[in-house]
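Listed here are the chains, written in short residue letters.
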Amino acid sequence: HPHTNKPFAEGSKTRVATMGDHDFASNENSVTLAADDTLSIVLETADGSTTLKDGLAVLAGEIVDATKMDAVALNAFLAKTIEQAGADDVLYSVHLKATMMKVSDPIIFGHVVKVFFADVFEKYGADLAAAELSPNDGLGGIMSGLDALPNGAEIKAAFEEALASGPRLSYVNSDKGITNLHVPSDVIIDASMPAMIRNGGKLWGADGGEDDTLAVIPDSSYAGVFQAVIDDVLVNGPLDPATIGTVPNVGLMAQAAEEYGSHDKTFEIPAAGTMKVVNSAGETLIEHEVGAGDIWRACQTKDVPVRDWVKLAVTRARASGSPAVFWLNEERAHDRQIIDKVNAYLAEHDTEGLDIQVMAPAEAAAFSVARMRKGEDTISVTGNVLRDYNTDLFPILELG
């Protein structure tokens, strides 16, 4: 019972679309705390100052990040990608992680729903909002609530017309009419992207048929990882499970080392102003100018587990003889802080004769896949999000 492992068709139009600016990756600021402290997250607007979170305890050596996704830029990006999918006559699919990014990703998903069905929301948005039918819950949640509205049948017909006339959506289950935009948690990037790659870059349309897709990953932090694998498979064909090497992972996850969803520090901004991370002395450590609807989040990374993570990477490299690659991008604020720690803590170990490198994620993915094709193993040493992605990506490429 061999797993699906198809080549990309000649002239395949499948690719990843990502923002690249005005997103979480590009707006990130990061600091390493010199001493134990207690931080607050404050929003300052024309109407005054509001403390959104107080009493955030941090220890000396810990890293605190903050960043935002610009809602206006996100909507413009989504409108452009929807237009591109229509022009290229490919399926439109969005790949998020609403199961773990429980605050940010449902909001991003809601933006996709509103922009894809822009005409419907322009005409009926007030009716849907009054009925508490939120795009963040997906098209399925909206459709299931329309029967209770006096004009529900009219709105349902408008959605169906938009589905029929707009760019083609990918479907989770075409037999049941469940689209990519029905439920925020139906399409989880960890599994959906490698499965698409193994399927020759194709997802499924309304009729159940396969077609190329524009895979939309709004934040650019790790989108390039998947594009790098697509680029390799386009040139070299499918990875052969019988001969390829592996990419085991050393992930920064123990002891809640690096926050993943940062649920209690993620906010949808209610009004334009300035978001600040402030220390106990009242000094601003990080600030962002924000607009209404922007998604702002802060994350915390502990120091002691980082030291253990580096030690484990060295130990694994020594025991296996495989190269160990830290997937860190020096152009990203958080990663620069981590790289400083990696360099400091590597110096505490005997690395003579070991191949230990630091590469940006897309570069690391291309390097690792090239080695896989030669039957060689490569240790991926990653933060918590990439730990989740890589422990799906590479096993799915290998095993389905």
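Before reading on, note that the structure itself is shown above.
Residues numbered from 1 in each chain as written. Predicted model: local features only at pLDDT ≥ 70, side-chain atom pairs only at ≥ 80, totals over all residues. Heavy atoms only, no water.

Novice: Quick rundown of the overall build of the chain? Include the residues and the values.
Specialist: The helix and strand tally for the chain stands at 11 helices and 18 strands. Here the chain has a C-alpha radius of gyration of 22 Å; the compact-globule value for 400 residues is 21 Å, and the two agree. With the principal axes as the frame, the chain shows a C-alpha extent of 70 × 60 × 30 Å. For the chain, with 400 residues in total, the buried portion stands at 54%. Sequence separation of 24 or more characterises 78% of the internal contacts of the chain that already satisfy a separation of 6 or more. Total accessible area on the chain is roughly 17000 Å²; 49% of this is exposed by carbon and sulfur atoms. (Helix = DSSP H or I, 4+ residues; strand = E, 2+ residues; numbered from the N terminus. Rg over C-alpha atoms; globule rule 2.2 N^0.38 Å. Buried < 20%, exposed > 50% of the residue type's maximum accessible area, 1.4 Å probe, protein only. Contact = heavy atoms within 4.5 Å. Areas by Shrake-Rupley, 256 points an atom, 1.4 Å probe, with all protein chains shown as cover.)

Novice: So what's going on with the pattern of salt bridges? Which residues, and what values?
Specialist: Scanning the entire structure with this criterion turns up 19 salt bridges. Each of K53, E259, D264 and K265 takes part in a single network of salt bridges with overlapping partners. (Salt bridge = Lys/Arg side-chain N within 4 Å of Asp/Glu carboxyl O.)

Novice: Which residues make up unusual backbone geometry, and what values go with them?
Specialist: Within the chain, E132 stands out as a residue other than glycine whose phi angle is a positive 60°. Structurally, the position occupied by E132 is in the loop between helix 3 (118–130) and helix 4 (139–145). Relative accessible area serves as the criterion here: at 72%, E132 is assigned to the exposed category.

Novice: Mind laying out the pairing of strand 15 (residues 295–301), listing which residues take part and the relevant values?
Specialist: Along strand 15, 7 of the 7 residues are buried, which leaves the element largely enclosed by surrounding structure. Of the two faces of strand 15, both are covered, the one formed by I295, R297, C299 and T301 as well as the one formed by W296, A298 and Q300. Here 7 bridges tie strand 5 (residues 63–69) to strand 15, and the two strands are oriented antiparallel to one another. Bridge pairing links V64 to Q300 in strand 15. As judged from the 3 bridges shared by strand 12 (residues 266–268) and strand 15, these two strands associate in the antiparallel manner. Bridge pairing in strand 15 places E268 opposite I295. (Pairing = 2+ DSSP bridges.)

Novice: I'd love a proper account of the sheet that holds strand 18 (residues 379–382), names of residues and values included.
Specialist: Reading across the sheet, the 4 strands line up as 11-18-16-17 and stay open at both edges, with parallel pairing between neighbours. Of all the strands in the sheet, the pair left with one neighbour each is strand 11 (249–251) and strand 17 (356–359). Across the sheet, the mean angle from the axis of one strand to that of its neighbour is 25°, orientation sign disregarded. For strand 11 and strand 18, the ladder comprises 3 bridges, and the chain directions are parallel. Pairing of N249 across the sheet is with S380, part of strand 18. (Axes fitted to C-alpha atoms, helices over the stretch in contact; angles between N-to-C directions.)

Novice: So what about the environment of I142? Which residues, and what values?
Specialist: As for its position among the elements, I142 is in helix 4. Along the primary structure I142 and L128 are separated by 14 residues, whereas in three dimensions their C-alpha atoms are 7.8 Å apart. Beyond its immediate chain neighbours, meaning those up to four positions away, I142 contacts F121, L128, L133, S134, P135 and F159.

Novice: Tell me what's going on with the packing of aromatic side chains, and back it up with residues and numbers.
Specialist: Summed over all chains, the structure comprises 9 aromatic pairs. Positioned above the aromatic ring of F24 is the side chain of R297, whose terminal nitrogen or guanidinium carbon lies 3.9 Å from the ring centre. (Phe/Tyr/Trp six-rings, centres within 6.5 Å; stacked < 30°, edge-to-face > 60°. Lys NZ or Arg CZ within 6 Å of the ring centre and 35° of its normal.)

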